[in-house]
Amino acid sequence: MEDRFADLGVIRRLLHDTQTWAFVGLANNPDRTAYDQARLLQQRGKTIIPVHPLAEPVLGEKGYPTLTDIPTPVDVVAVYRRSLHAPEAITQAITIHAKAVWLPLNVIDIPAARRAQAAGLDVVMDRCPAVEWALRR
């Protein structure tokens, strides 16, 4: 893994200086990692936006079927789907002018991450927001 996808300054900035996180793959299923991570960030004052084909509400927030359906600006796109879905999520993140993408543990796509960086987005890959938050408290 390239160190540029785990830059501590970028991680710190995304955790502390951003407000709106869109969670691709977030459904109303408390047994899923995406649900836990979204809840944690919501408890820490972040606005979370569920993005899932079912577009169901999650954690009291309205869901959307795709990133491009979200009517408000998004700071961070967190991709909680298998790596094979990362390129499409990153394409949509670029399209909506998100500031960053966060690919959690085991979601890895270096070409897509490089494309996001080339488009001006910050990228964190193969890192857990909860772990990173705990390390920076």
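On a predicted model such as this, the values are computed, not experimentally measured, just so you know.

For the largest pocket, the calculated volume is near 230 Å³. Contributing to the lining of the largest pocket are Gly25, Leu26, Ala27, Asn29, Arg32, Thr33, Ala34, Tyr35, His52, Tyr80 and Arg81. Val24, Val51, Pro65, Arg81 and Gln92 are, among the 13 residues lining the second largest pocket, the residues nearest its centre. The greatest single-element share of the lining of the second largest pocket, amounting to three residues, is contributed by helix H3 (residues 86-95). Here the residues of the lining of the second largest pocket sort into six nonpolar, five polar and two charged.

Every buried residue of helix H4 (residues 110-118) is accounted for by Ala112, Ala113 and Ala116. Buried residues of H4 fall within an arc of 100 degrees about the axis and therefore sit on the same side. Set apart from the buried face of H4 by more than 90 degrees, the exposed residues are Pro111 and Ala118. Of the surrounding secondary structure, the elements contacted by the buried residues of H4 are H3, strand E4 (100-103) and strand E5 (122-125). Structurally, the start of H4 carries an N-cap: the backbone nitrogen of Ala112 is 2.9 Å from a side-chain oxygen of Asp109.

All right, on to the nonpolar core then. One finds Leu67, Ile70, Val77, Val101 and Leu103 to be the most contacted residues of the largest nonpolar core, which totals 25 residues. For this core, the secondary-structure elements that each account for two or more residues are strand E1 (20-24), strand E2 (47-51), strand E3 (76-79), H3, E4, H4 and E5. Among the elements that make up this core, the one with the highest residue count is H3 (four residues). Setting aside residues no more than four positions away along its own chain, Leu67 makes contact with Ala22, Val24, Val51, Val77, Ala89, Gln92, Ala93 and Ile96. Within the second largest apolar cluster, 22 residues are counted, among which are Val10, Ile48, Val58 and Trp102.

Before going further, it helps to spend a moment on the side chain of Thr18. As for its position among the elements, Thr18 is in the loop between helix H1 (8-17) and E1. Engagement of the side chain of Thr18 in a polar contact is seen with the side chain of Trp21, the distance being 3.0 Å. Setting aside chain neighbours within four positions, we find Thr18 in contact with Arg13, Lys46, Asp75 and Val76.

We now examine the pattern of salt bridges. The final tally for this structure, using the stated rule, is four salt bridges. Notably, a salt bridge pairs Arg39 with Asp36, separated by 3.0 Å at the nearest N-O pair. Note that Arg39 and Asp36 are positioned in helix H2 (residues 33-43) at a spacing of three residues, about one turn of the helix. On the basis of relative accessible area, Arg39 is assigned to the partly exposed category, the value being 32%. Relative accessible area serves as the criterion here: at 33%, Asp36 is assigned to the partly exposed category. Note that Arg127 and Glu132 form a salt bridge whose closest N and O atoms lie 3.8 Å from each other. Under the relative-accessibility criterion, Arg127 is labelled partly exposed at 27%.

Conventions adopted
- Residues numbered from 1 in each chain as written.
- Predicted model: local features only at pLDDT ≥ 70, side-chain atom pairs only at ≥ 80, totals over all residues.
- Heavy atoms only, no water.
- 1 Å grid on protein atoms, 1.4 Å probe; cavity = no way out; pocket = protein on both sides within 12 Å on 5 of 7 lines; lining within 4 Å.
- Points joined across faces, edges and corners; volume = space filled by probe spheres on them.
- Helix = DSSP H or I, 4+ residues; strand = E, 2+ residues; numbered from the N terminus.
- Nonpolar A, V, L, I, M, F, W, Y, C, P; charged D, E, K, R; others polar.
- Buried < 20%, exposed > 50% of the residue type's maximum accessible area, 1.4 Å probe, protein only.
- Arc of directions from axis to C-beta.
- Contact = heavy atoms within 4.5 Å.
- Polar contact = N/O pair within 3.5 Å; in protein donor to acceptor, adjacent residues only side chain to side chain.
- Core = buried A, V, L, I, M, F, W, Y, C linked by side-chain atoms within 4.5 Å.
- Salt bridge = Lys/Arg side-chain N within 4 Å of Asp/Glu carboxyl O.

The values are spatial; any link to function lies outside them.
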